[in-house]
Amino acid sequence: MSKEPIAHFEAASTLAVVVSSNEPLLFLSADQKVIAASTSFCRTFEIDPATIPGRALSELGNGEWAMPKLTSLLKATAAGSARIEAYEIDLMRPNQKTRQLVVNAQILDDGNKDHIRLLVALSDVTDARAQAKLKDDLVRDKAILIQEVQHRVANSLQIIASVLMQSARRVQSEEARGHLHNAHHRVMSIAAVQRQLSTSSGGNVELRSYFTQLCESLGASMIADESRFSISVTVDDSAVEADVSVSLGLIVTELVINALKHAFIDQQTGRIAIDYRSTGSDWTLSVADDGVGMPTGSVAAKAGLGTGIVEALARNLQGEIKLNDASPGTAVIISHRGDADRRTRIPAAA
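Residues numbered from 1 in each chain as written. Predicted model: local features only at pLDDT ≥ 70, side-chain atom pairs only at ≥ 80, totals over all residues. Heavy atoms only, no water.

Across its full length, the protein chain carries eight helices and 13 strands. Buried positions account for 37% of the 350 residues belonging to the protein chain. As displayed, the protein chain offers around 19,700 Å² of accessible surface, 54% of which is attributable to carbon and sulfur atoms. (Helix = DSSP H or I, 4+ residues; strand = E, 2+ residues; numbered from the N terminus. Buried < 20%, exposed > 50% of the residue type's maximum accessible area, 1.4 Å probe, protein only. Areas by Shrake-Rupley, 256 points an atom, 1.4 Å probe, with all protein chains shown as cover.)

What follows is the structure in structure tokens.
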């Protein structure tokens, strides 16, 4: 049986598929004459279907398809030396908006190897690109707004801290002065939190640099003689989400303030050590001093605002608090075990 009827049948099937396609398609000969075009192509680019068959691609419409680069690529594709994949072109038509198109083209084996045929698919990505640009613009505008808000927050915290210190200098009561100093320390710790969060990316905060900056801020505001008292930070490569970092930072702040106020009574020197380790969803935070020590048991043994803050924050993080004798001094250990809270993590190694 002759193969010619089969080749003819396959060609007819190809024409039917091209014409009925929902996507803009062109079926071209090797010399870029149009054999068939999909109804979608004609509708999208406003070309009369009756004027298409047998015409050169460059002659379609008002000549807007006469693009030297596209012509050259199609010629190379027909010769088998190239293949057009996601090639972008700008379709410019008189008195109309320029459209951004993505072109894909390949040789189509329709059963007749003596005649090269090209199947060209076109996608109009103009609206998608415009939406992407709009999204990028919104993200950029949001980032600028966030930076402005962070700047104003930082200024406001600085003003509040200054007012508290001025008030502390004016009051006569030692008790009131102490409360004002405590408020000042807490404002400064929140300022340190805000500073770190403003420089974090992807919503995650690296705890090593965060705790280091936080403790440097606390030391600068509370330690008059750095040769006598010091704060050290030891943290692994853990990173946590921003809301978790705020809770951990406030816990560290309260425990460091408590140690500086109560652990070194009548001592000439002292050291506070912060340690944080995590494995998967398990983590342990320790704040230890080498001071006079405290009774072992619940951290609630010493009542006060700081104690309440620590307990509430640890409870929010589903952590367990223990107070241990550090011999000398005291160690407050807050640990989380299990998969109840997966917000803490260790980033994958680079």
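This paragraph deals with the nonpolar core. Phe211, Leu248, Ile274, Tyr276 and Leu285 are the most contacted members of the largest nonpolar core, which has 35 residues in total. Secondary-structure elements contributing two or more residues to this core are α6 (207–222), β7 (229–235), α7 (242–262), β9 (270–279), β10 (282–289), α8 (305–316) and β12 (330–336). Top element by residues in this core is α7. It accounts for nine residues. Ignoring sequence-local partners within four residues, the contact set of Ile274 consists of Phe211, Cys215, Ile231, Ser232, Val233, Thr234, Val252, Val256, Leu285, Ser286 and Val287. (Core = buried A, V, L, I, M, F, W, Y, C linked by side-chain atoms within 4.5 Å. Contact = heavy atoms within 4.5 Å.)

Looking now at the pairing of β9. Residues Gly270, Ile272, Ile274, Tyr276 and Ser278 point to one face of β9 and are all buried, whereas Arg271, Ala273, Asp275, Arg277 and Thr279, pointing to the other face, are not buried. Sheet analysis places β7 next to β9, joined by seven bridges and oriented parallel. Bridging from a neighbouring strand, Val235 pairs with Tyr276 of β9. Inspection of the sheet shows β9 paired to β10 by eight bridges, in the antiparallel sense. Considered in β10, the bridge of Ile274 is made with Val287. The hairpin turn running from β9 into β10, its antiparallel successor, is two residues long, and Gly280 in that turn takes a positive phi close to 65°. (Pairing = 2+ DSSP bridges.)

We now examine the pattern of salt bridges. According to the stated counting rule, one finds eight salt bridges in the structure shown. Asp137 is the salt-bridge partner of Arg140, the closest N and O atoms lying 2.9 Å from each other. Taken together, the positions of Arg140 and Asp137, both in helix α4 (residues 126–170) and three residues apart, correspond to about one turn of that helix. Through salt bridges with shared partners, a single ionic network connects Arg99, Asp124 and Asp127. (Salt bridge = Lys/Arg side-chain N within 4 Å of Asp/Glu carboxyl O.)

It is worth spelling out α6 at this point. Helix length check: α6 (16 residues) gives 22 Å between terminal C-alpha atoms against 22 Å at 1.5 Å per residue, within 8%. Among the residues of α6, those classed as buried are Leu207, Tyr210, Phe211, Leu214, Cys215, Ser217, Leu218 and Gly219. (Expected span 1.5 Å × (residues − 1).)

The next point concerns the environment of Ala326. Mapped onto the elements, Ala326 comes out in the loop between β11 (320–325) and β12. A relative accessible area of 33% places Ala326 in the partly exposed class. A C-alpha to C-alpha distance of 9.1 Å links Ala326 and Gly291, two positions 35 residues apart in sequence. Apart from residues no more than four positions distant in its own chain, Ala326 is found in contact with Asp289 and Ala331.

All we've got here are geometric facts, nothing functional implied.
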